[in-house]
Amino acid sequence: MLLEVVDLHVHYGAAHAVKGVDFALDTGRTLALMGRNGAGKSTTLKAIIGLVRPSSGTIRIGGRAVQRLPPERIARLGVGYVPEERRIFQELTVQENLEVGLERRRGTGRSALERAFALFPSLAERRHRLGRELSGGEQQMLAIARALMGDPRLLLLDEPSAGLAPKVLDQLAVTLSRLCARGLALLLSEQHLGFASLLAERVCVLEKGTVVFRGSLPELIADEERLRAHLGLG
Ligand code: ATP
């Protein structure tokens, strides 16, 4: 198993944000963490990449326990992370933003750049534009492309669909599916069914830091009561 999260607990001071979350994700598979605002989705992703320290529980990547490692060591095990706020360097060009992602990478930078541009042709066209000149969709693509520069085997995406138009999301889902077909595992947090339904095979729904549903997306969609109760949908 590529990623295993076992009985994960995270506290922020006295606040118990994640309460015994368990799930696993294998190579080339996709899983969406769903749930309302504050359910614990972002905190779970941050714990996996090492930005918050779990109070207890185990996180294994490729069989190795990582819950005490710093983020840069976890990234080097092949984990990419795109935070909700994307963190594009506004005053750097598209290409320079991607080169920042390369600094953590061994091997040849040029081929990684060309791979990123082949994957996202609209970024190739804009490679000399500044970050701040990009649309929201292009910024999200750039944030994902930058996370891919280190050639991860697991990519964590925090609310990738936030603020993006349906057409952009369709395009993003096609690109990400292509990467998964080549073996990338994808863990995303999503509040809305739309993007998750384009991409995710499995879903874990969190409520107040606890997993309240796990299963396939069609199973979740068929369960109107659960959709209403845990996602405010249906
Ligand atoms: P959102 O979509 O709003 O990010 P989420 O499901 O990702 O929601 P988290 O951001 O993980 O939820 O938040 C889980 C709980 O932890 C919430 O109650 C939130 O208020 C709290 N929390 C998150 N970050 C911090 C922090 N830095 N300090 C204190 N409490 C926090």
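Refer to the structure presented above.
Here's what I pulled together on the structure shown here. What you see as residue numbers is a count from 1 along each chain, following the sequence as written. Thresholds applied to this predicted model are a pLDDT of at least 70 for local features of residues and 80 or more for the giving and counting of side-chain atom pairs; totals over whole chains, interfaces and linings are not thresholded and use all residues. The side-chain numbers reported here are obtained from all heavy atoms of the structure, hydrogens and water having been left aside.

Topic: the layout of surface pockets
Working step 1: What the second largest pocket holds in volume is close to 260 Å³.
Working step 2: Using a 1 Å grid laid over the protein atoms alone, points where a 1.4 Å probe fits but cannot get out form a cavity; open sets with protein on both sides within 12 Å along at least 5 of 7 lines form a pocket; any residue with an atom within 4 Å of a point counts as lining. Along the walls of the second largest pocket sit 14 residues, with Arg-115, Leu-148, Asp-151, Leu-179 and Arg-182 positioned nearest its centre.
Working step 3: Going along the chain from the N terminus, every DSSP run of H or I of four or more residues is numbered as a helix, and every run of E of two or more is numbered as a strand. Of all elements in the fold, only α4 (109-119) and α6 (136-148) reach the threshold of two or more residues within the lining of the second largest pocket.
Working step 4: For the lining of the second largest pocket, the element with the highest residue contribution is α4, accounting for 4 residues.
Working step 5: When residues are grouped by polarity, Ala, Val, Leu, Ile, Met, Phe, Trp, Tyr, Cys and Pro land in nonpolar, Asp, Glu, Lys and Arg in charged, and all others, Gly among them, in polar. Per-class residue counts for the lining of the second largest pocket are 10 nonpolar, 1 polar and 3 charged.
Working step 6: For the domains described, the bounds stem from an automatic or database domain assignment. Shared between two domains, the lining of the second largest pocket holds at least three residues of each, these being domain 1 (3-78 + 152-231) and domain 2 (87-151). Grid points are joined across faces, edges and corners, and a volume is the space filled by probe spheres set on the points.

A short note on the pairing of strand β10 (residues 210-216)
Working step 1: Note on pairing: DSSP must find at least two bridges between two strands before they are called paired. When strand β9 (residues 202-207) meets β10, the two strands line up antiparallel, connected through 6 bridges. Within the sheet, the bridge partner assigned to Cys-204 lies in β10 and is Arg-214.
Working step 2: Where β9 folds back onto β10 in an antiparallel hairpin, the turn is made up of 2 residues, including Lys-208, whose phi is positive at roughly 45°.

Considering α6
The α-helix advances 3.6 residues per turn, and as a result positions three or four apart in sequence lie on the same side.
Working step 1: The end-to-end C-alpha separation of α6 is 18 Å, in line with the 18 Å expected for 13 residues at 1.5 Å each.
Working step 2: With 12 of 13 residues buried, α6 is to be regarded as a mostly interior element.
Working step 3: Looking at α6, one finds that the buried residues are Gly-137, Glu-138, Gln-139, Gln-140, Met-141, Leu-142, Ala-143, Ile-144, Ala-145, Arg-146, Ala-147 and Leu-148. Given a helix with a known number of residues, its expected span is that number minus one, times 1.5 Å. When accessible area is computed with a 1.4 Å probe and restricted to protein chains, residues below 20% of their type maximum are described as buried, those above 50% as exposed, and intermediate ones as partly exposed.

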